[in-house]
Amino acid sequence: MVMTTNTITTANTHSHSHAHPAGRIDFAKAAPKVFRSLIGFDAAAREGLDPSLVELIQIRASHLNHCAYCLHMHTNDARKAGESEDRLHMVAVWREARHFFSARERAALALTEAVTLVADGGVSDDVYAEAAAQFDEQELAHVLSLILTINTWNRIALSTGKVAGTDERK
């Protein structure tokens, strides 16, 4: 399945008109140019990547960042894209459930963890080498970009007080 930029913009926008605790900003309204730039970055990062892999990366980063808002959004997106409940339940413990995931997915999940938790020890040569063995340079750059975008979205959702279950994308 190939997703167009237009599909990405309408299907994966992280903006919503409510669900902000008192005193918290609506980021999309307060910084529309920045928000649109992030949407563009997000869309460009996804180009050429399998939609299932995209969702697995976003789900794992959202677990690690404790972002219930994005976790709810991306598990729902994954289901809509045909992802199985079994695999969704195993993402958080993928190392213990390796047989649920391909070598490429495991490499992407390991890289997602290393980049998301970069302050805890950086991205090891082993993790990077495994990802580089599974993805060509362009794919790897897109995987890294996607990891960066979901970490940004997680931080926006957490700092602006987004509430899980209030996804109003159109």
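For the structure itself, look to the data block above.
Please read these numbers as outputs of a predicted model, since none were measured by experiment. All residue numbers here refer to positions counted from 1 along the written sequence of the relevant chain. Per-residue local features of the predicted model are confined to residues with pLDDT of at least 70, and side-chain atom pairs are confined, for both listing and counting, to 80 or more; whole-chain, interface and lining totals are unaffected and use all residues. To get the side-chain values, take all heavy atoms of the structure and skip hydrogens and water.

**Student:** Help me understand the pattern of salt bridges, please; the structure alone is not making it clear to me.
**Tutor:** Two side chains that carry opposite charge are able to pair once their charged atoms sit near each other. We define a salt bridge as a contact between a side-chain nitrogen of Lys or Arg and a carboxyl oxygen of Asp or Glu at a distance within 4 Å. The tally for this structure, following the rule as stated, stands at seven salt bridges. We note a salt bridge from R60 to E113, for which the minimum N-O separation is 2.8 Å. With R60 in helix α4 (residues 51-64) and E113 in helix α7 (residues 103-116), this residue pair connects regions lying 53 residues apart in the sequence. For the pair R60 and E113, a shared accessibility class is recorded, and that class is buried. With a closest N to O distance of 2.8 Å, R87 and E105 form a salt bridge. Note that R87 is positioned in helix α6 (residues 85-90) and E105 in helix α7, a separation of 18 residues in sequence. Accessible area is worked out with a 1.4 Å probe on protein chains only. A residue is then buried under 20% of its type maximum, exposed over 50%, and partly exposed in between. Among the residues examined, R87 registers a relative accessible area of 14% and is labelled buried. In DSSP terms, a helix is any run of H or I states spanning at least four residues, a strand is any run of E spanning at least two, and both are numbered starting from the N terminus.

**Student:** Honestly, α7 in this entry has me stumped. Any pointers?
**Tutor:** Within an α-helix, residues lying three or four positions from one another point in the same direction, as the helix has 3.6 residues per turn. Helix span is expected to be 1.5 Å times the residue number reduced by one. Its 14 residues give α7 an end-to-end C-alpha distance of 20 Å, which sits within 8% of 20 Å, the value for a rise of 1.5 Å per residue. Burial of α7 is extensive: twelve of the 14 residues sit out of reach of the surface. Those residues of α7 that sit buried are E105, R106, A107, A108, L109, A110, L111, T112, E113, A114, V115 and T116. Contact definition: two residues touch when any of their heavy atoms are within 4.5 Å. Of the surrounding secondary structure, the elements contacted by the buried residues of α7 are α4, α6, α8 (125-134) and α9 (137-159).

**Student:** Looking at this structure, how should I read the state of the cysteines?
**Tutor:** Disulfide: a covalent bond connecting the sulfur atoms of a pair of cysteines. In this description, the term disulfide denotes a pair of cysteine sulfurs within 2.5 Å. This structure, assessed with the given rule, holds zero disulfides. Between C67, a free cysteine, and C70, which holds the nearest cysteine sulfur, the sulfur-to-sulfur gap is 3.5 Å.

**Student:** How should unusual backbone geometry be read in this particular structure?
**Tutor:** Outside of glycine, negative phi angles account for most residues, and trans bonds account for most peptide bonds. One non-glycine residue with positive phi stands out, namely H66, at about 60°. With respect to the secondary-structure elements, H66 resides in the loop between α4 and α5 (68-80).

**Student:** Help me understand helix α3 (residues 32-46) in this model?
**Tutor:** With 15 residues, α3 extends 21 Å from end C-alpha to end C-alpha; this agrees with the ideal 21 Å at 1.5 Å per step. Three or more residues of α3 are buried, namely F35, L38, I39, D42, A43, A45 and R46. Buried positions in α3, seen along its axis, are confined to an arc of 160° and lie on one side of it. Turned more than 90 degrees away from the buried face of α3, the exposed residues are K33 and R36. Just downstream of α3, G48 is the residue with a positive phi angle, here 85°. What the arc covers is the set of directions going from the helix axis to the C-beta atoms.

**Student:** In this structure, what is going on with the nonpolar core? I would like to understand it.
**Tutor:** It is characteristic of soluble globular proteins that their nonpolar side chains tend to be buried jointly. Working definition of a nonpolar core: buried Ala, Val, Leu, Ile, Met, Phe, Trp, Tyr and Cys residues. They are joined through side-chain atoms within 4.5 Å. I57, L111, F135 and V143 are the most contacted members of the largest nonpolar core, which totals 26 residues. For this core, the secondary-structure elements that each account for two or more residues are α4, α7, α8 and α9. No other element matches the seven residues that α7 contributes to this core. Apart from residues lying up to four places away in sequence, I57 is in contact with A108, T112, V143, L146, I147 and I150. Among the nonpolar cores identified, the runner-up in size contains 13 residues, and F35, L38, A61 and I156 belong to it.

**Student:** Sorry if this is basic, but what is going on with the packing of α3 against α9 here?
**Tutor:** Orientation of α3 relative to α9, taken along the N-to-C sense of each, is 145°, at an axis distance of 8 Å. Judged by the twist between their axes, the crossing of α3 over α9 is left-handed. Note on element contacts: α9 touches α3 through H142, S145, L146, L148, T149, T152, W153 and I156, opposite F35, L38, I39, F41, D42, A44, A45 and R46. Residue type decides the class: Asp, Glu, Lys and Arg count as charged, Ala, Val, Leu, Ile, Met, Phe, Trp, Tyr, Cys and Pro as nonpolar, and the leftover types, Gly among them, as polar. Its residues assigned to classes, the contact of α3 with α9 comprises ten nonpolar, four polar and two charged. The axes used here are C-alpha line fits, helices contributing only the stretch in contact, and every angle between their N-to-C directions lies in the interval 0 to 180 degrees. Crossing handedness is defined as follows: a turn of the near helix away from the far one that is anticlockwise and smaller than a right angle gives a left-handed crossing, while the clockwise case is right-handed.

Geometry only, nothing functional implied.
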